[in-house]
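# Structural characterization, general
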Amino acid sequence: IEDMDVSLQEAILMHARWVDSNGAEGQRAVFSKTDLTDKDLSGVNLAASDFSFAILQRTDFSRSELLMADLSFADLRKANLARADLRGAKLSRANLDHAILRDARMNGADLRNADLESADLRGADLRDADLRGASLLDADLTNADLRGANLSGADKRGAVGLPSGMAREDDVID
């Protein structure tokens, strides 16, 4: 965090105060429509923050807390979200092409119509995630937990690691 721009640093510190005080102090981080390409936000608590429509290409969110964050329509191409906590996050229509989501906690995440082409989802927890209409083209889901996930209308062509016997059509994983 010490290597960040002062305004970004300040926003993150204000957000931490907001999270710690349950909204009584500080301020929610709003990075909507902001370009944070190549920034290192690893290990930062950004729970419930707003990154909607943000440009986050190659941004490092590894081990960050992004639960309940709004990342809808965000450009997360080649972003590193390995081991990030994305439980309940909104990622609808986000571009996660070639993103690293290895061992990410994404249970209950909204990934409707998200682009996860060639994404690394190995070991990701996608229980009860909404992946309706998502593109999983050539994604690696080896050892991902998809129990209760809704993959209705998802493009699964070339995806590896899907549960055996999974139909090519609409599916909710048992």
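Attention here is on the structure that accompanies the text.

Calculation rules
- Residues numbered from 1 in each chain as written.
- Predicted model: local features only at pLDDT ≥ 70, side-chain atom pairs only at ≥ 80, totals over all residues.
- Heavy atoms only, no water.
- Helix = DSSP H or I, 4+ residues; strand = E, 2+ residues; numbered from the N terminus.
- Rg over C-alpha atoms; globule rule 2.2 N^0.38 Å.
- Buried < 20%, exposed > 50% of the residue type's maximum accessible area, 1.4 Å probe, protein only.
- Contact = heavy atoms within 4.5 Å.
- Areas by Shrake-Rupley, 256 points an atom, 1.4 Å probe, with all protein chains shown as cover.
- Lys, Arg positive; Asp, Glu negative; His and termini not counted.
- Charge placed at Lys NZ, Arg CZ, Asp CG, Glu CD.
- Phe/Tyr/Trp six-rings, centres within 6.5 Å; stacked < 30°, edge-to-face > 60°.
- Salt bridge = Lys/Arg side-chain N within 4 Å of Asp/Glu carboxyl O.

In terms of regular secondary structure, the protein chain is built from one helix and zero strands. Here the C-alpha atoms of the protein chain give a radius of gyration of 16 Å, agreeing with the 16 Å that 2.2 N^0.38 yields for 174 residues. For the protein chain, the spread of C-alpha atoms along the three principal axes comes to 50 × 30 × 25 Å. Across the 174 residues in the protein chain, those meeting the buried criterion constitute 45%. Restricting to contacts in the protein chain with at least 6 residues of sequence separation, those with at least 24 account for 7%. Working note: accessible area of the protein chain is about 8,400 Å², and carbon and sulfur atoms make up 42% of it. Between the averaged position of the 22 positive side-chain charges in the protein chain and that of its 32 negative side-chain charges there is a distance of 2 Å.

Right, let's talk about the packing of aromatic side chains for a bit. In this description, an aromatic ring pair is defined by two values, namely the gap between the centres and the angle between the planes. In the structure shown here, the tally under the stated rule is three aromatic pairs. With 5.1 Å between their ring centres and 25° between their planes, F31 and F51 make a pair best called stacked. Linking F31 in the segment after α1 (6-20) with F51 in the segment after α1, this pair joins segments that are 20 residues apart in sequence. Considered together, F31 and F51 belong to a single accessibility category, that of buried residues. An aromatic cluster is defined as three or more aromatic residues linked by ring pairs; in this entry it consists of F31, F51 and F61.

Our next topic: the side chain of D130. Here D130 shows up in the segment after α1. Residues in contact with D130, not counting those within four places in the same chain, are A109, D110, L111, R112 and N150.

Okay, the side chain of D75 next. With respect to the helices and strands, the residue D75 is situated in the segment after α1. A relative accessible area of 13% places D75 in the buried class. Ignoring sequence-local partners within four residues, the contact set of D75 consists of A54, I55, L56, Q57 and N95.

Of note, N143 is situated in the segment after α1. For N143, a relative accessible area of 68% gives the class exposed. A sequence separation of 17 residues divides N143 from V160, and the C-alpha atoms of the two residues are 9.9 Å apart.

Once that is clear, we can look at unusual backbone geometry. Of note in the backbone geometry, R63 takes a positive phi value of approximately 60° without being a glycine. Position of R63 relative to the elements: it lies in the segment after α1. One non-glycine residue, D138, lies in positive phi territory at about 60°. Summarising the element assignment, D138 is placed in the segment after α1.

Bringing the pattern of salt bridges into the picture now. Under the criterion given, the structure shown has 15 salt bridges. Of the charged contacts, one joins R77 and D75 as a salt bridge, the two residues approaching to 2.6 Å between their closest N and O atoms. A relative accessible area of 34% places R77 in the partly exposed class. If you follow the salt bridges from partner to partner, you end up with R102, D120, R122 and D140 in one network.

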